[in-house]
Amino acid sequence: MGVRKFDTKVQYLKYKVLREVARQAWNDTLLQNVMDIPQMIVPGKTPTMRCCVYKERAILGERVKIAMGGNKDNPNIIEVIDIACDECPAAGYEVTDSCRGCLAHRCEDVCKRGAISFDHNHVAHIDKTKCVECGQCAKVCPYSAIVNRKRPCQIACKVKAISINNDNAAAIDNNKCIQCGACVYQCPFGAIMDKSYLLNVIDLIKKSKNNNEYKIYALVAPSISSQFTYAKLGQVITGLKELGFFTVIEAALGADMVAEKESKELAEKGFLTSSCCPAFVQYIKSAFPELIPLVSHNLSPMATLARFIKTRDEKAKTVFIGPCTAKKAEAQLDSVKPYIDAVITFEELQALFDSKDVDITSLDEDVLDNASYFGRIFARSGGLSDAVSEGLKEQNIDFELKAVACNGIEECRLALMKKSKNVLDANFIEGMACVGGCIGGAGCLTHGEKNKAEVDKYGKEALEKTISDAVSILK
């Protein structure tokens, strides 16, 4: 992997597919060579991960399809590669070797479905056709011999959108899925991927160079400060311009705009949930629809900034670059689609650089300084609440903020449940679906607590020290 920093080999494999698809697209050879890409990645006859090189290439072929936009009939940006999802053990409750064949048979007595039987050695067995996964048998076993074997994707999915189908592969319930990408990052076989829109970005860049009809703005998320650790941030900005972007603007400037507006809206309404994390907003829509009126009416920082750019420049095309898979889904909403032309992740940006052989470590440093400290710290859990507090202070709004910063979707569920029962001691819910906030997004190159310190350091480097200073240039 050289200087490339990926958390896992699964990420690296995904990157190689994205890089090769992008390289062929730049050269206008994708259609001719699309079937050969799997062999380019795994040449020869020796498999690198699977028992059979032919199966490995078949799976790579499916990865290529998703890298090219995936199944157009599936509205979800998260897709399961069925052929790759066959190495996990059967999910559900199982009897382990710890079963001693005891005489008490508490597991049998507590099972109301008659799913437990015993062999000639008195060892318990569970009939999967009768078991309803209630877990009562596991609770009463004196040896803890019955365990619930959940798959990594099921454990990762905190909204219970993943089940196992009749072919023993993962299946996603689109009505529950919030497209946060947690399952994508946690699947140890890379059997779940997010659709890529790299080809859309390459097409935009090529057309802008050929006909000069429009200019492409790169809107980079503040969490970029914790990524591309092998280079300097200024070199990443130069690299984006080398790719063909007209200019690069901090999405954190959009965060400053949102913080200013959202603090006003909170004071006017008395209670609010944030609208910045699309996965959190989607979770409210699917699990707590009665709370939808409480969601801030502000667009996210991404959409707010893109809308501003397009009102000022009729030739503008906007591409958001960040850590979030759910942003790809947000960009398809009717309320956002007019402002955002494409979304890619940091993983995909790395592939884009390398597909054009852009070595960002050799580039001069450019400057990125559009936002305040408060806009930049939106990238980590608690940052939005701090920014709203600052927004109230700077605008001299007399309102006592009582915020609850939800770090991950499980904390979001708890806060929303309390609010639905009118027992929440707070007037503002900051919802972040990913643990850590945006710095924990599935599209990050690296994940970890160290990223929080990098974001705070990046925030303190901002020339604009207040939200008012940052947004004043827009007025």
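Residues numbered from 1 in each chain as written. Predicted model: local features only at pLDDT ≥ 70, side-chain atom pairs only at ≥ 80, totals over all residues. Heavy atoms only, no water.

Draft legend 1. Region of the structure containing the pairing of strand β12 (residues 316–322). For β12, the buried fraction is high: 6 of the 7 residues fall into the buried class. With 6 bridges connecting them, strand β9 (residues 215–220) and β12 associate as parallel partners. Looking across to β12, one finds that Leu 219 is bridged to Phe 320. The pairing of β12 with strand β13 (residues 342–345) spans 4 bridges and is classified as parallel. (Buried < 20%, exposed > 50% of the residue type's maximum accessible area, 1.4 Å probe, protein only. Helix = DSSP H or I, 4+ residues; strand = E, 2+ residues; numbered from the N terminus. Pairing = 2+ DSSP bridges.)

Draft legend 2. Here's a closer look at the sheet that holds β9. As summarised here, the arrangement of the 4 strands in space is β10-β9-β12-β13, forming an open sheet in which the pairing is parallel. Of all strands in the sheet, those with a lone pairing partner are β10 (247–250) and β13, marking the two edges. Averaged over all neighbouring strand pairs, the angle between strand axes comes to 25 degrees, with direction disregarded. Against the sheet, helix α9 (residues 198–211) makes contact with β9, β12 and β13, and its axis sits at roughly 120 degrees relative to β13, the strand it touches most. Sitting on the sheet, helix α15 (residues 346–355) is in contact with β12 and β13, with an inclination near 90 degrees to β13. (Axes fitted to C-alpha atoms, helices over the stretch in contact; angles between N-to-C directions. Contact = heavy atoms within 4.5 Å.)

Draft legend 3. Focus on the environment of Ala 170. Mapped onto the elements, Ala 170 comes out in strand β7 (residues 170–172). On the accessibility criterion, Ala 170 (2% relative accessible area) is buried. On a C-alpha basis, the gap between Ala 170 and Asp 354 in space is 32 Å, while along the polypeptide they are 184 residues apart. Excluding residues within four positions of it along the chain, Ala 170 makes contact with Val 80, Asp 82, Cys 85, Arg 151, Cys 153, Ile 162, Ser 163, Ile 164 and Asn 165.

Draft legend 4. Structural detail: empty space enclosed by the protein. In the structure shown here, the tally under the stated rule is 4 cavities of 30 Å³ or more. Approximately 310 Å³ is the volume found for the largest cavity. Residue lining of the largest cavity: 27 residues in total, with Cys 276, Phe 320, Lys 327, Phe 378 and Cys 438 positioned closest to the centre. When residues of the lining of the largest cavity are assigned to their parent elements, the largest contribution, 3 residues, is made by helix α11 (residues 251–269). Taken as a whole, the second largest cavity holds about 120 Å³ of empty space. The wall of the second largest cavity is formed by 16 residues, among which Cys 99, Cys 102, Cys 107, Cys 141 and Pro 142 lie closest to the centre. (1 Å grid on protein atoms, 1.4 Å probe; cavity = no way out; pocket = protein on both sides within 12 Å on 5 of 7 lines; lining within 4 Å. Points joined across faces, edges and corners; volume = space filled by probe spheres on them.)

Draft legend 5. Structural view of the pairing of strand β14 (residues 403–407). Summarising the sheet, β14 and strand β15 (residues 428–432) pair through 5 bridges and their orientation is parallel. Bridge pairing in β15 places Cys 406 opposite Gly 431. Between the parallel pair β14 and β15, the chain is carried across by helix α18 (residues 409–420), and the sense of this crossover is right-handed. (Right-handed = clockwise from strand over helix to strand, strands pointing away.)

Draft legend 6. How the structure looks around the sheet that holds strand β11 (residues 272–273). Across the sheet, which stays open at both edges, the 3 strands sit in the order β11-β15-β14 with parallel pairing between neighbours. Only two strands of the sheet have a single partner each, and these edge strands are β11 and β14.

Draft legend 7. Representation of unusual backbone geometry in the model. If you check the backbone angles, His 105 has positive phi at about 55 degrees while not being a glycine. With respect to the helices and strands, the residue His 105 is situated in the loop between β2 (92–95) and α5 (106–110). Accessibility expressed as a relative area gives 17% for His 105, which makes it buried. Phi at Ser 144 takes a positive value of approximately 50 degrees, unusual for a residue other than glycine. Tracing the sequence through the fold places Ser 144 in the loop between α6 (136–140) and β5 (146–149).

Draft legend 8. Examining the packing of aromatic side chains more closely. Within this structure, the stated rule accounts for 6 aromatic pairs. Ring centres of Phe 228 and Phe 353 lie 6.2 Å apart, and the angle between their planes is 75 degrees; this geometry places the pair in the edge-to-face category. Of this pair, Phe 228 sits in the loop between β9 and α10 (233–243) while Phe 353 sits in helix α15, placing them 125 residues apart in sequence. One exposure class covers both Phe 228 and Phe 353, and it is buried. Here the aromatic residues Phe 228, Phe 346 and Phe 353 are joined through ring pairs into a cluster of three or more. Looking at Lys 327, its charged tip hangs above the ring of Phe 320, at a distance of 5.8 Å from the centre. The ring of Trp 26 is capped by Lys 356, whose NZ or CZ atom sits 4.7 Å from the centre of that ring. (Phe/Tyr/Trp six-rings, centres within 6.5 Å; stacked < 30°, edge-to-face > 60°. Lys NZ or Arg CZ within 6 Å of the ring centre and 35° of its normal.)

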